[in-house]
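Chain residues, written in single-letter form:
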Amino acid sequence: MAYQVLARKYRPQRFSDVAGQDHVTRTLVNALTQKRIAHGYIFSGHRGIGKTTIARILAMALDCRTEVGTPGRPTVEPCLQCVSCREISSGGNASGDNLSSHSFDFIEIDAASNRGIDDVRSICSQADVRPARDKYKIFLLDEAHQITDAAFNAILKTLEEPPDWAIFMMATTEPESIPQTIRSRCQHFSFHAVKFEDILAQLKAIAEKENVTAEDAALALLAEAGDGSMRDALSIMDQAIASAPFENGRAVLQTGQIRELMGSVPNAVFERLMESVSAQQSARLMEDLDKLLTSGNSPAALARQLVRYLRNCLMAKLGGENTQLLEIAQDERARATRTAQLFTEEELTRNLQIALRTFDELNYRQEQRFHLELGLLKLIQAQRLLPMEEILSGLSSQPAAKRPNPAQTPSSPPRTPSGSAPASTPRPTAPPAAPSLSPFAASNQRAAVTPQPNPGRNLSGAENTERKPENPENQVGQGFSPAISAATSGGALAPEVSSSPASTSRTIASETTAVGLLELP
Ligand SMILES: [Zn+2]
C-alpha cells in the first residue's frame, strides 16, 4: 500500500478516538442514541482539529449497515466493517479486497472549488433523489464559507424543508461567513483548539505504533509547534521522522534535530537574553543576539519565538508554574517561571508589548536586524521606567523608597543621565530622537526638595515660545491647574507648588511622556 501521511493514517474512526472535542462527540453520541438527527450541521473551528473527521464519523454512524446492539456494533459508534463505513471513512471511495467502490449516498464536496450556484443546484437536485442503498444521503461540504451568497440562497429552500433522507454537513474555519439564514437552520458545533496534553499523548501513541524512539522533550516540541492543531503537529512529526537518524532500525527523534528542522533556537537562549535585560547588560544582550544572527537565525523567527517566550513568562507570573494557561512541557514551565521571577507583572506586560510591536515591525521593514536590536534595547530601557503607583506613593512620602528591585532605584546610574536637568524634559509631541528616560526621576527629585528654582519658568516672551518644548511647567500647568499657570507665567513659582497635587500631575505627565516616547517606532 502506498505511504500515507501520519495525519491520514491515524485519523480517528470512532467518536471515542477523537482527542480534545469531548463537548462535540458527547452531544452527537447522545443525539444518535436518542435518534434526534438534524438535517443540517455546521462544524467550525481552527484548521486540523477534527472537523472533517467528526463529520465522517457521524456519517458512518448514520449510514452504518450493522444494527446497533449487535456484537459487531454494541453502541452507536460505527462498525467500521461494513461497506458503508469503509466507503465513508475513505472519503467516499473504498478500495481493498480487489474491490473499489464509490458511495452514492455519501457525497463529500470541496466547496472551495464548487462554490457557485450551478454546483449547489446540482447538490440540491441530488438531494431530492432517494439514497441508492443507505438510510441517509449525506452531503459534506468542506470549506463551506467559500460558497457564494447566491449559492447559499439556492440551497436555503432545501435546507428548510429537506427530504427525510437528506443530511447536510458543513465544515468551515469561518462560521461567521456563512449567512445567518443558513446557520439558523443548522446545528452549530464550535470546535476547540486541541490541548497540548492531548496532542502530546497522541504523538506518544503514534511514535509507539510507528516504531520511533522519541525523547519526551522532542515530542513536546512537536506538540507545541502544532499550536492547537493536531494535523499541524503530525505533519511536522512526519517530516521529523523522515529526517531522523536511525539506531537499531528505529528512527530516533531528538530535540536538537527538530529545532533545526523548524528553524528555532532553544528557549534557554531567551532565558539568557531576558537575564541580560533584567540585569540591564545591554552589551551582553547585543553580543548574544549577534551570535544568534551570525549563526543563521532569521530576525523575524527570533522575534516570534521571543514573543511566545515572553507570553509564557507572563502567564507563569499570573497563574504560577502549573497554570493551564501554559501549553508547554514541564521543564519549559520551570524555565518560564524562572524568567518571570526576574520581573514584575507590569514589566512583563510591557516587555511583551514591546516584543510584539518589534515582531510586527519586522515583517515589513528592510533592516530587520536593526529593528530587532532596537526592540531588545527598548526592553532594557523600559526597565528604567517607574510604575505609576510608585510615583504616586513616592510623592506622598520619600520618593522611590518602596522600589521592589534595588538595582532599579531612580538613583542608580543608568537612570539619571539627565536627571539633574529639568529643562531637558521632552514634551509629548517632541520627536523620538532623544528619548530621555528619566524626566520623572527629575520630577521626583524636584518634588522631594522644597522650593527649588526652576530655570524653565523664568523664560518669558519670545524666548519662552521658542523654548516652549523644553518647559513642561507651562504646558502641564495650563492643562491641570490655573493656579500653577498663573504662578509660572508670573515668573515666580509659589513655594507650596512643589508639594501640591499639581506636582503629582506634572510627574504623571512626565511618566506618560517617557512611555509614549519609548513606544514610538
Ligand atoms: Zn458499519
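It should be noted that the structure appears before, not after, this text.
Quantities reported herein were computed from a predicted structural model and do not represent experimental measurements.

K.L.:
Would you mind showing me how to read the overall build of the chain here?
P.N.:
Summing up its helical and strand segments, the chain has 23 helices and 10 strands in all. A total of 521 residues make up the chain; the buried ones form 38% of that total. Nonlocal contacts in the chain, meaning residues at least 24 apart in sequence, comprise 69% of its contacts between residues at least 6 apart.

K.L.:
Teacher, can you tell me more about helix α8 (residues 196–209) here?
P.N.:
Note: α-helices contain 3.6 residues per turn, so residues at a spacing of three or four share the same orientation. In this model, α8 (14 residues) spans 20 Å end to end at C-alpha, consistent with the 20 Å of a helix rising 1.5 Å per residue. Listed in full, the buried residues belonging to α8 are F196, I199, L200, Q202, L203, I206 and A207. End-on, the buried residues of α8 take up no more than an arc of 165°, which puts them together on one face. Opposite its buried face, α8 presents the exposed residues A205, E208 and K209, each directed more than 90 degrees away.

K.L.:
Could you clarify how one ought to interpret the sheet that holds strand β1 (residues 40–44) in this entry?
P.N.:
Adjacent strands of a sheet pair through backbone hydrogen bonds, lying either parallel or antiparallel. Sheet architecture is open: five strands sit in the order β4-β5-β6-β1-β7, paired in parallel fashion. Because the sheet does not close on itself, it has two edges, and the strands there are β4 (106–110) and β7 (187–190). On average, each strand axis in the sheet is tilted by 15° relative to the strand beside it, whichever way the strands run. Of the strand pairs in this sheet, β1 and strand β6 (residues 166–172) are connected by five bridges, and their pairing is parallel. Bridge assignment links S44 to a residue of β6, and that residue is T172.

K.L.:
Explain the pairing of β4 here, please?
P.N.:
For a regular strand, side-chain orientation follows a simple rule: the groups alternate between the two sheet faces. Examined bridge by bridge, β4 and strand β5 (residues 137–142) share five bridges and lie parallel to one another. Note that in β5 the partner of I107 across the bridge is F139.

K.L.:
Sorry, what's going on with the packing of α8 against helix α9 (residues 216–226) here?
P.N.:
To characterise two packed helices, one gives the angle between the axes of the helices and the distance between these axes. Packing of α8 against α9 brings their axes to within 9 Å, and their N-to-C directions diverge by 130°. Comparing the axis directions of α8 and α9 gives the class oblique. Crossing geometry of α8 relative to α9 is assigned as right-handed. Only L219, A220, L222, A223, E224 and G226 of α9 make contact with α8, whose side of the interface consists of F196, I199, L200, L203, K204 and A207. The residue inventory of the contact of α8 with α9, partitioned by class, reads nine nonpolar, one polar and two charged.

K.L.:
When you look at the nonpolar core in this model, what are you seeing that I'm missing?
P.N.:
When a protein is soluble and globular, its nonpolar side chains tend to lie buried together. In terms of nonpolar packing, the biggest core is built from 102 residues, with M169, L203, L222 and A233 touching the most fellow members. The biggest single contributor to this core is helix α14 (residues 299–319), with nine residues. Other than its neighbours up to four places away in sequence, L222 contacts L203, A233, I236, M237, A240 and I258.

The rules we used
- Residues numbered from 1 in each chain as written.
- Predicted model: local features only at pLDDT ≥ 70, side-chain atom pairs only at ≥ 80, totals over all residues.
- Helix = DSSP H or I, 4+ residues; strand = E, 2+ residues; numbered from the N terminus.
- Buried ≥ 20, exposed ≤ 12 C-beta atoms within 10 Å, placed from the backbone.
- Contact = placed C-beta atoms within 7 Å.
- Expected span 1.5 Å × (residues − 1).
- Arc of directions from axis to C-beta.
- Pairing = 2+ DSSP bridges.
- Axes fitted to C-alpha atoms, helices over the stretch in contact; angles between N-to-C directions.
- Parallel < 35°, antiparallel > 145°, perpendicular 65-115°, else oblique.
- Left-handed = near helix turned anticlockwise from the far one by under 90°.
- Nonpolar A, V, L, I, M, F, W, Y, C, P; charged D, E, K, R; others polar.
- Core = buried A, V, L, I, M, F, W, Y, C linked by C-beta atoms within 7 Å.

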